[in-house]
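As a plain string of letters, each chain reads:
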Amino acid sequence: MKKYIISVLIIFTFVQCKNLKSTTRINTGEKFAIAIHGGAGTILRKNMSPEMEAQYKATLEEAIKVGHEILRNGGSSLDAVEKTINIMENSPLFNAGKGAVFTNEGKNELDASIMDGKTLKAGAIAGVTTVKNPINLARAVMEKSEHVMLVREGAEFFAKENGLELVNPAYFYTENRYKSLLKAQEKDRIELDHSGGTSFYDPFIKDNKFGTVGCVALDKNGNLAAGTSTGGMTNKKWGRVGDTPIIGAGTYANNNTCAVSATGWGEFFIRNVVAYDISALMEYKGLSLEKASEEVIQRKLTKLGGDGGIVAMDKDGNISMEFNTAGMYRAFIDTKGKMEIGIYEK
């Protein structure tokens, strides 16, 4: 009988210790963080009015606080990414949604993508003209279809079928973006939204502009997500699509490594498979997020002549905001709740 009691006590102690360890794992996994970008380019303090700088910072702060609140309340990284990007899509300050640039035909064609780091599921759309929030449609493609990417009329039909908010294309019109198109057409050449001579028509930044928006997040369950949304390239022709809706180029998320959202000259990000390359360097070479981001953005991308940047987050909530341009609209709230907002290189 005595031996039986001792055995029971040993088993009970073992179970309690095991439960304690499980509780500890859950608690350590409850860290969360979020980071965003609003485009990279030649963004110089001397060309930015105090009023406009304040507007950008206010919108970046509003956006990141929306996502952070979702995470703080136990929401998913996917929800945080989507709702954060919505704020920037609804602002005329950025080349996404409301502030999208014009194509050669005088249209606003929108691209977006989102990826779940837990399942590696992804959704992307390209060339839509009536969907108010493209990132919402990208998520719908991921969750409500067996596909990864839908384009143009097919994507819009899918949006209507699934009850997404549609708007008249006139909703996306902004005066400064239209003036940029007219100047680009005058020069008869394609102008990247965040690189080139049309930008002095933009009243906010003299020699260059801004572009794509994106977000990466880690939730309390340890799941990463990434999303990106853009209006693309000013005066783009022939149905041109950049890196934003291409999984592995403009967006990537994997719980084993990191989540990445990119902004820059899309053709170079596609050729370098930038977002996935950062993850691959971490997975196969054992590089830290910081070292992998630096290697891809400062060396491999620039070697081919590409410019731009990324925001990225690893599975532990470490954040990288790497760019090789004079500035990048960006913000983060880290695992300790510290918030930072930046525009210029320094």
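These remarks concern the structure in this document.

Rules of the game
- Residues numbered from 1 in each chain as written.
- Predicted model: local features only at pLDDT ≥ 70, side-chain atom pairs only at ≥ 80, totals over all residues.
- Heavy atoms only, no water.
- Helix = DSSP H or I, 4+ residues; strand = E, 2+ residues; numbered from the N terminus.
- Buried < 20%, exposed > 50% of the residue type's maximum accessible area, 1.4 Å probe, protein only.
- Contact = heavy atoms within 4.5 Å.
- Areas by Shrake-Rupley, 256 points an atom, 1.4 Å probe, with all protein chains shown as cover.
- Pairing = 2+ DSSP bridges.
- Axes fitted to C-alpha atoms, helices over the stretch in contact; angles between N-to-C directions.
- Parallel < 35°, antiparallel > 145°, perpendicular 65-115°, else oblique.
- Left-handed = near helix turned anticlockwise from the far one by under 90°.
- Expected span 1.5 Å × (residues − 1).
- Arc of directions from axis to C-beta.
- Nonpolar A, V, L, I, M, F, W, Y, C, P; charged D, E, K, R; others polar.
- Salt bridge = Lys/Arg side-chain N within 4 Å of Asp/Glu carboxyl O.

## Details of the overall build of the protein chain
Assigned secondary structure in the protein chain consists of nine helices and twelve strands. Taken over 346 residues, the protein chain has a buried fraction of 56%. In the protein chain, once contacts between residues fewer than 6 apart in sequence are set aside, the share between residues at least 24 apart is 68%. Total accessible area computed for the protein chain in this model is approximately 15300 Å², and 53% of it derives from carbon and sulfur atoms.

## Details of the pairing of strand β2 (residues 110-116)
The element β2 is extensively covered by neighbouring structure, given that seven of its seven residues are classed as buried. The alternating pattern of β2 places Leu-110, Ala-112, Ile-114 and Asp-116 on one face and Asp-111, Ser-113 and Met-115 on the opposite face, and all of these are buried. Sheet topology note: the β2/strand β3 (residues 122-128) ladder contains five bridges and is antiparallel. In the strand pairing of β3, Ser-113 is matched with Ala-124.

## Considering the sheet that holds strand β7 (residues 251-253)
Taken together, four strands build an open sheet; the order of strands is β7-β8-β9-β10 and the sheet is antiparallel. A strand with exactly one partner marks an edge of an open sheet, and here the two such strands are β7 and β10 (319-323). Adjacent strand axes in the sheet meet at a mean angle of 10° when their direction is disregarded. Lying over the sheet, helix α8 (residues 274-285) contacts β7, β8 (258-264) and β9 (308-314), oriented at roughly 145° with respect to β8.

## Quick look at the sheet that holds strand β1 (residues 33-41)
The sheet built from eight strands is open, its strands ordered β4-β3-β2-β6-β5-β1-β11-β12 with mixed pairing. Of all the strands in the sheet, just β4 (149-151) and β12 (339-344) have a single pairing partner and so form its edges. Going from strand to strand, the sheet's axes swing by 5° on average, the running direction of each strand aside. In the sheet, strand β5 (residues 213-218) pairs with strand β6 (residues 224-230) via six bridges, with the strands oriented antiparallel. Bridge pairing links Val-216 to Ala-226 in β6. This element, helix α3 (residues 77-89), spans β1, β2, β5 and β6 of the sheet and lies at about 155° to β5. Its contacts with the sheet place helix α4 (residues 134-144) against β2, β3, β4 and β6, and it is angled at close to 50° to β2.

## Observations concerning the packing of α8 against helix α9 (residues 289-303)
Contact pair α8 / α9: the axes reach a minimum separation of 9 Å and the direction vectors enclose 135°. Considering the angle they form, α8 stands oblique to α9. Between α8 and α9 the crossing geometry is right-handed. On the side of α8, the interface is formed by Val-274, Asp-277, Ile-278, Leu-281 and Met-282, while α9 contributes Leu-289, Ala-292, Ser-293, Glu-295, Val-296, Ile-297, Lys-300 and Leu-301.

## Things to note about helix α6 (residues 175-187)
In this model, α6 (13 residues) spans 19 Å end to end at C-alpha, consistent with the 18 Å of a helix rising 1.5 Å per residue. For α6, the complete set of buried residues consists of Asn-176, Arg-177, Ser-180, Leu-181, Lys-183 and Ala-184. Mapping the buried residues of α6 onto a view down its axis gives an arc of 165°, with all of them on the same face.

## Regarding unusual backbone geometry
In the Ramachandran plot, Leu-120 falls in the positive-phi region, its phi being about 65° despite a non-glycine side chain. Structurally, Leu-120 is set in the loop between β2 and β3. The backbone of Arg-152 sits at a positive phi, close to 45°, despite the residue not being glycine. Within the secondary structure, Arg-152 is located in helix α5 (residues 152-161). Judged by relative accessible area, which is 31%, Arg-152 ranks as partly exposed.

## Structural notes on the packing of α4 against α5
Working note: a packed helix pair is described by the angle between its axes plus the distance between those axes. Running from N to C, α4 and α5 point in directions that differ by 80°, and their axes come no closer than 10 Å. Classed by the angle they form, the pair α4 and α5 counts as roughly perpendicular. On α5, the residues touching Leu-137, Ala-140, Val-141 and Lys-144 of α4 are Ala-155, Phe-158 and Ala-159. In the contact of α4 with α5, the residues fall into six nonpolar, no polar and one charged.

## Observations regarding the pattern of salt bridges
Inspection of every chain in the model, using the stated rule, returns 15 salt bridges. The salt bridge partner of Glu-143 is Arg-139, with a shortest N-O separation of 3.0 Å. Of this pair, Glu-143 and Arg-139 both sit in helix α4, four residues apart, roughly one helical turn. A relative accessible area of 12% places Arg-139 in the buried class. A salt bridge links Glu-295 to Arg-299, with the nearest nitrogen and oxygen atoms 3.8 Å apart.

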